[in-house]
Amino acid sequence: MLHFEETTGTFYLENDEITYAFTVENGLPEHLWFGARIPRDDLRYTRWISGTSCDAQLPGKTSENHIAAELPTYGRGDFREPMLGVRDENGNALLALTYKGYRVIPEPRLAGLPSTFGGETLEVTFEDAEKGLRAVLLYTLFADTAALTRSMRLENIGGHTLTLERAFSFAFDLPAGDYEALTLTGSWAAECAPERAPLRHGILTVNSKRVTSSATQNPFLAVMTAGADEAHGDVYGVNLVYSSSYRLLAETAQHGRVRVAGGINDFGFTWELRPGDTFQTPEAVIAYSGEGLGHLSRIFHDTYRAHLIPARFATMHRPVVINNWEATYFHFDRDKLFAIIDAAAGTGIDTFVLDDGWFGKRDDDHSGLGDWFVNTKKLVGGLDPIIEHAHEKGMKFGLWFEPEMVNPDSDLYRAHPDWAIHAPGYPVTEARNQLVLDLTRDEVRDYIVKSVNDILDTHAIDYVKWDCNRYVTEMYSSSLPAERQGEFAHRYALGLYDLFERIVAAHPGIFFEGCSSGGARFDPAILAYFPQIWTSDDTDAAMRTRIQWGTSFCYPLSAMSCHASVCPNHTTRRVTPWATRARIAHLGATGYELDTSVMSAEDLAAVPGQVADYHAMEDLVLSGDFYRLADPYGDRQFAVALVAKDGSRAHVTVMQLLRVFNCPPLRLTVPALTPDALYRVESSMGETLTLSGKTLSEVGLIAPVHRMADFESLTYTVTRL
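Rules behind the numbers
Residues numbered from 1 in each chain as written. Predicted model: local features only at pLDDT ≥ 70, side-chain atom pairs only at ≥ 80, totals over all residues. Heavy atoms only, no water. Phe/Tyr/Trp six-rings, centres within 6.5 Å; stacked < 30°, edge-to-face > 60°. Helix = DSSP H or I, 4+ residues; strand = E, 2+ residues; numbered from the N terminus. Lys NZ or Arg CZ within 6 Å of the ring centre and 35° of its normal. Pairing = 2+ DSSP bridges. Axes fitted to C-alpha atoms, helices over the stretch in contact; angles between N-to-C directions. Contact = heavy atoms within 4.5 Å. pLDDT = per-residue confidence, 0-100. Parallel < 35°, antiparallel > 145°, perpendicular 65-115°, else oblique. Left-handed = near helix turned anticlockwise from the far one by under 90°. Nonpolar A, V, L, I, M, F, W, Y, C, P; charged D, E, K, R; others polar. Buried < 20%, exposed > 50% of the residue type's maximum accessible area, 1.4 Å probe, protein only. Salt bridge = Lys/Arg side-chain N within 4 Å of Asp/Glu carboxyl O. Polar contact = N/O pair within 3.5 Å; in protein donor to acceptor, adjacent residues only side chain to side chain.

Things to note about the packing of aromatic side chains
Enumeration according to the criterion identifies 45 aromatic pairs in this entry. Between Phe488 and Tyr492, the aromatic rings sit 6.4 Å apart at their centres with planes inclined by 45°, giving tilted as the arrangement. One end of the pair, Phe488, and the other, Tyr492, are both in helix α7 (residues 488–504), four residues apart, so they sit about a helical turn from each other. A cation over an aromatic ring shows up here: Lys378 above the ring of Phe332, its NZ or CZ 4.6 Å from the ring centre.

Here it is as structure tokens:
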């Protein structure tokens, strides 16, 4: 998989699908190829040797502004975006890194950071003797997916303190061409909207300055040949395994090359690297598809299920949850919770999750955060009677926490107001009536770990929902000296991961779900600890088709927590059919977000069948291949297919959005089936067909959307005979 050709100085990272190749010339690493698997030919002929342009250095030499650099720096002829910026005690920011050697090792655990597992890692070392800096590029390749990861480790091997001003995780150059970019943008309740734009000369960037990965721009960037679609075109995707402020960019330079780079956001970032210190950048997952965006998505899905999500949870049955948030908000007592549990019992719903409002003085969002002790005035007898009642009814019990936050009206804040993030002399900014605790401080993290673990250790809790309902402002820590305040955003991330390590690792049997006002922290780093993430606070089925569609570009369905909820929907006020709400929720880890005790008898009676339908397709959600068929953004319908890896089964979901009079039926091809096998096709509308895999993939199914009302849905179950 990892091969070094001594005669040409070329590294080949290769598996059955891809080759990633670079060489070392004049002590510098130069990118040669990233794409489909090729033989180990000498690719140095592709290097751009400069002639007599103003960028030329010496006759026959390569200008650094033409180098397809693996580790670009600024100040010695390369005027494009650098991967690394380091200033010494004299203020000198020049770097002259030269190659020192390489080694192949089992994949390392990155210091303080989540990372993938199950690959083989190449470490390539470069040093700048004048600065006393060592830079180690880390490449991890997997045998079973067309993806690799990149990161960088920096070491101060000199006698003077260095200041990092940029420390990206990766950079690579693509040949000149006509490219487009795909990003995932959005907002609260409208996350992960795909947005395409042509790359022009200059820099396209996606970033967050919020000390979280954010709903506004997900840490994902795809660069693709112009016109690439779901099944055609070369696509290069990058997803950052990081939960704080980040930056990803694509720069089209003067001669048409495109540099793709990114990592920790360098806006306001500095890091003091003292003699002997080491700094590790986050991992970036980089994937290539020669078969369009759909294949790229499936590469990311496979990579995360096999090499990122905790192995014990990756393909296990997901809890079918009833969550009380939209049922009660803060207004509940023990009897009300008993009634919800009683109504859900026997329906196939197997886990009751008690959401916000069970702790401290928490009757609304103005108080109580930080006081992680049970409100026995609201819940007479505490949590145990509710837990026992759920267990008696055959259900597991889950609990909501928001450990990173504090209300000014709380015992914790009154005792330790300095623990909230604030800048001396300036008023604090409240959002949702709450402040953010300073996770860069040891004593703050120790308090959170003890408070949460005390609850988890003294109650029979099976499931935890970890929430985070605001971004960080006043980015300042009293624990850091003035010259190190630029380290705050990254130190917050390190503090967050420390919490996860100490709480999640201490409770390996508890199933954790991430949340951040929905999808405001839906990133690969969270999946390294939590098998699934609440995809959006918007549970409207019509909006969820868009949100789940966009999220699927790099995250597997098994990572998306998706619930059917009441109508009119609490966010959009839209009314959609009960069957449609369930079917869209089945395209992820399914559950319910409503008051079962007041449901109509008809709707409640439908739940066992809905849960049974989900269980019948759950293996496809957890480990199948996902195909996007009809785009809810550009088409009048939404349609997707889940196909078993062996081609034995498939499940197709179709939803009519807004019906147009005299619209034609929707033709849907079902890919990746066995061509010469026969399949039984059963429609939820009652139609049954027997068709070959070849016919299904070429001719397809004819969905009768011309006869379907607004928001009506149907499914097809496809089974090999």
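A word on the sheet that holds strand β31 (residues 625–630)
With respect to topology, six strands assemble into an open sheet ordered β31-β32-β33-β38-β35-β36, the strand pairing being antiparallel. The two strands at the open ends of the sheet, each matched to only one other strand, are β31 and β36 (688–692). Pairs of neighbouring strands in the sheet enclose a mean axial angle of 20°, with direction left out of account. With five bridges connecting them, strand β35 (residues 678–683) and β36 associate as antiparallel partners. Within β36, the position partnered with Tyr679 by the bridge is Leu691. Taken strand by strand, helix α11 (residues 601–623) contacts β31, β32 (637–643) and β33 (649–656), and its axis lies near 90° from that of β33.

Description of the confidence of the model for the chain
Considering every residue of the chain, the mean pLDDT works out to 95; 98% of them sit at 70 or more. Contacts from residues 50–60, a stretch scored under 50 in pLDDT, to residues over four places away or in other chains number 18 contacts.

Here we look at the packing of helix α6 (residues 442–458) against α7
Following both chains from N to C, one finds α6 and α7 inclined at 30°, their axes separated by 10 Å at the closest point. Considering the angle they form, α6 stands roughly parallel to α7. Crossing geometry of α6 relative to α7 is assigned as right-handed. Mapping the contact onto sequence places Arg445, Asp446, Ile448, Val449, Val452, Asn453 and Leu456 in α6 and Gly495, Asp498, Leu499, Arg502 and Ile503 in α7. Across the contact of α6 with α7, the residue classes break down as six nonpolar, two polar and four charged.

Considering the side chain of Thr715
Summarising the element assignment, Thr715 is placed in strand β38 (residues 713–720). Take Thr715: its relative accessible area is 11%, and that puts it in the buried class. Leave out the neighbours within four places in its chain, and Thr715 touches Arg583, His651, Val652, Thr653, Glu682, Ser683 and Ser684.

Focus: the pairing of strand β27 (residues 511–514)
Across the two faces of β27 the burial is the same, with Phe511 and Glu513 and Phe512 and Gly514 all buried. Sheet topology note: the strand β26 (residues 463–466)/β27 ladder contains four bridges and is parallel. Bridging from a neighbouring strand, Lys465 pairs with Glu513 of β27. With two bridges joining them, β27 and strand β28 (residues 532–534) adopt parallel strand pairing. Each bridged residue has a counterpart across the sheet, and for Glu513 the counterpart in β28 is Gln532.

Details of the pattern of salt bridges
Applying the stated criterion across every chain yields a total of 52 salt bridges. For Glu14, the salt bridge goes to Arg40, with nearest N and O atoms at 2.5 Å. Placement of the pair is Glu14 in strand β2 (residues 10–14) and Arg40 in the loop between β4 (28–36) and β5 (84–87), with a sequence separation of 26 residues. Judged by its relative accessible area of 3%, Glu14 falls in the buried class. Residue Arg40 is classed as partly exposed on the basis of its relative accessible area, which comes to 42%. A salt bridge links Arg305 to Asp302; the nearest nitrogen and oxygen atoms lie 2.8 Å apart. On the criterion of helical spacing, the pair formed by Arg305 and Asp302 is a turn pair, its members being three residues apart in helix α1 (residues 292–307). Residue classification places Arg305 among the buried positions, given a relative accessible area of 10%.

Observations regarding the side chain of Ser245
With respect to the element layout, Ser245 can be found in the loop between β15 (235–241) and β16 (246–252). On the accessibility criterion, Ser245 (7% relative accessible area) is buried. Only 3.0 Å separates the side chain of Ser245 from the backbone nitrogen of Val211, close enough to count as a polar contact. Discounting chain neighbours no more than four positions away, the residues touching Ser245 are Ser208, Lys209, Arg210, Val211, Thr212, Ile264, Asn265 and Ala489.

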